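Here's the letter readout for the chains.
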Amino acid sequence: MNLAEIIRAKRDGGALPRADIDAMVTAITDESASEGQVAAFAMAVFLRGMATDETVALTEAMMRSGSKLDWPGERPVVDKHSTGGVGDKVSLMLAPMVAACGGAVPMISGRGLGHTGGTLDKLESIPGYDATPGLDRFKEVVGDAGCAIIGQTADLAPADRRLYAIRDVTATVESIPLITASILSKKLAAGLDALVMDVKTGTGAFAASLDMALDLARSIVSVANGAGVNTAALITDMNQVLGATAGNAVEVRETVNYLTGARRDERLHDVVMALAARLLRLGGLATDDGDARAQLQAALDDGRATERFQRMVAALGGPADFVERHDSYLAQAPVTRPVPAPTSGAVAAMDARAVGLAVVMLGGGRQRPSDAVDHRVGLTDVVGLGTELSAGDPLALVHAADDAAASAASAAIQGAVEIGDAPAARSAVIELIE
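These numbers come from a predicted model, not from an experiment. (Residues numbered from 1 in each chain as written. Predicted model: local features only at pLDDT ≥ 70, side-chain atom pairs only at ≥ 80, totals over all residues. Heavy atoms only, no water.)

Turning our attention to the overall build of the protein chain. Check the secondary structure of the protein chain and you find 17 helices and 13 strands. Radius of gyration (C-alpha) of the protein chain: 21 Å, near the 22 Å computed for a compact globule of 434 residues. Taking the principal axes of its C-alpha atoms as reference, the protein chain extends roughly 65 × 45 × 40 Å. Across the 434 residues that make up the protein chain, the buried fraction comes to 57%. With an accessible surface of roughly 16200 Å², the protein chain has 49% of that area assigned to carbon and sulfur atoms. Of the charged side chains in the protein chain, 38 are positive and 55 negative, and the gap between their average positions amounts to 2 Å. (Helix = DSSP H or I, 4+ residues; strand = E, 2+ residues; numbered from the N terminus. Rg over C-alpha atoms; globule rule 2.2 N^0.38 Å. Buried < 20%, exposed > 50% of the residue type's maximum accessible area, 1.4 Å probe, protein only. Areas by Shrake-Rupley, 256 points an atom, 1.4 Å probe, with all protein chains shown as cover. Lys, Arg positive; Asp, Glu negative; His and termini not counted. Charge placed at Lys NZ, Arg CZ, Asp CG, Glu CD.)

Quick look at a nonpolar patch on the surface now. Taken together, the side chains of Met-43, Phe-46 and Leu-47 make up a nonpolar region of the molecular surface, amounting to roughly 270 Å² of accessible area. Within the element layout of this structure, Met-43 appears in helix 3 (residues 35-48). (Patch = residues over 30% accessible without salt bridge, like charges linked within 9 Å, V, L, I, M, F, W, Y side chains within 5 Å. Salt bridge = Lys/Arg side-chain N within 4 Å of Asp/Glu carboxyl O.)

On to the nonpolar core. Among the nonpolar cores identified, the biggest contains 125 residues, and Met-97, Tyr-129, Phe-138, Tyr-258 and Leu-395 are the most heavily contacted of them. Sorting elements by how many residues they give to this core places helix 12 (residues 266-282) first, with eleven residues. Ignoring anything within four residues of it in the chain, the contact list for Leu-395 reads Val-339, Pro-340, Ala-341, Pro-342, Asp-381, Val-382, Val-383, Leu-389, Ile-413, Gln-414, Val-417 and Ile-419. By size, the runner-up hydrophobic cluster in this structure holds 26 residues, among which are Ile-21, Ala-33, Ala-57 and Leu-178. (Core = buried A, V, L, I, M, F, W, Y, C linked by side-chain atoms within 4.5 Å. Contact = heavy atoms within 4.5 Å.)

This part takes up the pattern of salt bridges. Side chains that carry opposite charge are capable of pairing whenever their charged atoms lie near each other. One pass over the full model with this rule turns up 24 salt bridges. As a salt-bridge pair, Asp-130 and Arg-137 come within 3.0 Å of each other at their nearest N and O atoms. On the basis of relative accessibility, which here comes to 25%, the residue Asp-130 falls in the partly exposed class. In this structure, Asp-381 engages Arg-263 in a salt bridge whose closest nitrogen and oxygen atoms are separated by 3.4 Å. Taken together, the positions of Asp-381 in the loop between strand 9 (378-380) and strand 10 (388-389) and Arg-263 in the loop between helix 11 (249-260) and helix 12 put the pair 118 residues apart, joining distant regions of the chain. Salt bridges here are not isolated pairs; linked through shared partners, they connect Lys-89, Lys-122, Glu-251 and Glu-254.

The two faces of the sheet receive side chains in turn, since in a regular strand these alternate between them. Of all five residues making up strand 1 (residues 78-82), five are buried, and the element is well covered by its neighbours. Alternating residues of strand 1 divide into Val-78, Lys-80 and Ser-82 and Asp-79 and His-81, and every residue in both groups is buried. Sheet topology places strand 1 next to strand 4 (residues 194-201); five bridges connect them, and they run parallel. Across the sheet, Lys-80 pairs through a bridge with Val-196, a residue of strand 4. (Pairing = 2+ DSSP bridges.)

So, on to the sheet that holds strand 11 (residues 394-400). Read across the open sheet, the four strands follow the order 6-9-11-7; overall the sheet is antiparallel. With partners counted over all chains shown, the strands left at the sheet margins are strand 6 (246-247) and strand 7 (335-340), one partner each. Relative to strand 9, strand 6 runs antiparallel, the two sharing two bridges. Counted as the bridge partner of Gly-247 is Gly-378 from strand 9. The sheet strands contacting helix 16 (residues 352-364) are strand 6, strand 9 and strand 11, and the helix crosses strand 9 at an angle near 125°. (Axes fitted to C-alpha atoms, helices over the stretch in contact; angles between N-to-C directions.)

Our next topic: the sheet that holds strand 13 (residues 429-433). Strand order in the open sheet made by the four strands is 1-4-5-13, with mixed pairing throughout. The strands lining the two open edges of the sheet, one partner per strand, are strand 1 and strand 13. The mean angle between the axes of side-by-side strands here comes to 20°, regardless of whether they run parallel or antiparallel. Each of strand 1 and strand 4 is contacted by helix 9 (residues 176-189), which is oriented at about 160° to strand 1, the strand it contacts most. Sheet strands touched by helix 12: strand 1, strand 4, strand 5 (230-237) and strand 13. Its angle to strand 4, the strand with the most contacts, is close to 150°.

Glycine aside, residues mostly have negative phi angles, and peptide bonds mostly take the trans form. Unusually for a residue other than glycine, Ala-157 sits at a positive phi of about 45°. As for its placement among the helices and strands, Ala-157 is situated in the loop between strand 3 (147-151) and helix 8 (158-168). Take Ala-157: its relative accessible area is 0%, and that puts it in the buried class. The phi dihedral of Asp-381 falls on the positive side, at around 55°, and the residue is not glycine.

If you add up the space inside the second largest pocket, you get close to 180 Å³. Lining the second largest pocket are Ala-244, Thr-245, Val-250, Arg-253, Glu-254, Asn-257, Arg-263, Arg-264, Asp-265, Thr-380 and Asp-381. Broken down by element, the lining of the second largest pocket gets its largest block of residues, four residues, from helix 11. When grouped by side-chain class, the residues that make up the lining of the second largest pocket number two nonpolar, three polar and six charged. (1 Å grid on protein atoms, 1.4 Å probe; cavity = no way out; pocket = protein on both sides within 12 Å on 5 of 7 lines; lining within 4 Å. Points joined across faces, edges and corners; volume = space filled by probe spheres on them. Nonpolar A, V, L, I, M, F, W, Y, C, P; charged D, E, K, R; others polar.)

Of all eleven residues that make up helix 5 (residues 90-100), eleven are buried, and the element is covered over most of its length. Following helix 5 by one or two positions, Gly-102 adopts a phi angle in the positive range, close to 110°.

Relative to the helices and strands, Asp-20 resides in helix 2 (residues 18-30). Along the primary structure Asp-20 and Gln-297 are separated by 277 residues, whereas in three dimensions their C-alpha atoms are 49 Å apart.

Further remarks concern helix 7 (residues 135-145). Taken together, the buried positions of helix 7 are Leu-135, Phe-138, Val-141, Val-142 and Ala-145. The buried side chains of helix 7 occupy one side of the element, clustering within an arc of 120° when seen end-on. Across helix 7 from its buried face, at more than 90 degrees, point the exposed residues Asp-136, Glu-140 and Gly-143. One or two residues past the end of helix 7 sits Gly-146, with phi positive at roughly 90°. (Arc of directions from axis to C-beta.)

What follows concerns the packing of helix 11 against helix 14 (residues 304-315). In the contact formed by helix 11 and helix 14, the axes pass within 8 Å of each other and the chain directions differ by 145°. Along the contact surface, helix 11 presents Thr-255, Val-256, Leu-259 and Thr-260, while helix 14 presents Ala-305, Thr-306 and Phe-309. Residue classes in the contact of helix 11 with helix 14 are distributed as four nonpolar, three polar and no charged.

Functional significance is not addressed by these values, which are geometric in nature.
Shown next as structure tokens:
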């Protein structure tokens with residue numbers, strides 16, 4: 001197959017047949033396609049787009065480039081995926097909650113990207129937690145705990161790994177067909193029966209506009225269902241930090257507090273419950289939204305969700321008493337400093353992306369792929385939109401490695417938060433796409 005002719009056809013706006021897409025993905029995987037050809041293909045798709053049937057073919061070909069997991073047993077195999085945000089620790093709560101309600105949740109997650117936090121970076125703040133086990137161990141943990149959250153292995157969708165690395169350095173990340181195929185190829189390889197997508201929109205989201213979020217959600221839902229996975233998407237708000245924390249260890253602390261009931265942020269709870277309830281319904285574990293929410297709340301109230309989280313952590317190498325003694329296991333930054341509000345008034349707006357970049361500046365994220373992450377640092381007690389403040393009241397607490405980093409992050413947070421009139425109330429869950 002002549003790869004140059006495939007690239008030419010897409011460059012000129014043609015629709016690629018499945019055979020050509022299969023050939024391109026095979027060449028990406030076995031590296032018979034040069035980096036230049038892969039980059040040219042990505043740019044052609046970026047500029048010309050793909051029809052739904054092309055995106056389905058690309059997704060399925062990328063899924064077939066590696067192993068596909070099979071799950072024996074009667075529990076529905078379900079998962080949730082987010083497009084990324086600031087303070088988004090929903091996966092850490094949702095997976096054990098759904099597992100406690102009868103689902104099997106093999107969750108393959110990622111590391112921090114740009115201003116957004118990474119689920120694996122959060123979990124690796126737990127001493128001993130192995131985020132990259134082999135597939136056999138992954139399956140054992142899901143079988144025992146009902147859920148396991150790990151990173152992409154070399155066996156699953158290897159075509160995506162190479163294509164994404166080239167997209168990342170060729171300004172072709174922001175393509176809805178390529179994003180759709182990247183997300184879903186890994187999810188299909190995990191052998192799912194059902195998937196719920198959390199597509200975020202706002203100042204801290206990849207999809208800054210609602211129109212873009214809707215386009216991406218519709219693409220993912222149509223392609224995933226076209227590939228045989230029962231899928232829905234929720235559009236959720238990312239115009240402020242989700243929950244009260246942003247970082248790694250600090251978000252794990254918030255997760256434990258959420259699961260045990262010590263403290264639950266209302267907006268975070270709304271998003272977790274909406275996504276988890278939809279997933280129970282998609283997986284056939286609940287008859288309606290009321291039934292799903294009642295099951296999930298019961299799993300929180302009677303401790304079954306917490307127990308599933310603890311079992312997962314221990315099975316993947318973490319402490320057997322992590323939940324009980326999490327404060328002693330999670331490292332704490334040496335400098336903690338409040339960020340004072342410069343004036344009195346309500347929190348009128350927040351540039352959530354700038355808040356996320358402040359966490360990266362502290363060392364809680366990566367500016368280059370090779371950067372090490374400081375799991376200790378981050379933000380706690382972050383104010384929400386509409387909060388009334390007097391001058392000097394804290395906008396957040398900064399947890400930093402040193403005074404200089406704390407000062408720089410404090411200035412960034414002050415610049416990211418607008419004080420003025422209280423904004424109109426905004427729901428955390430905006431729209432459902434089925």
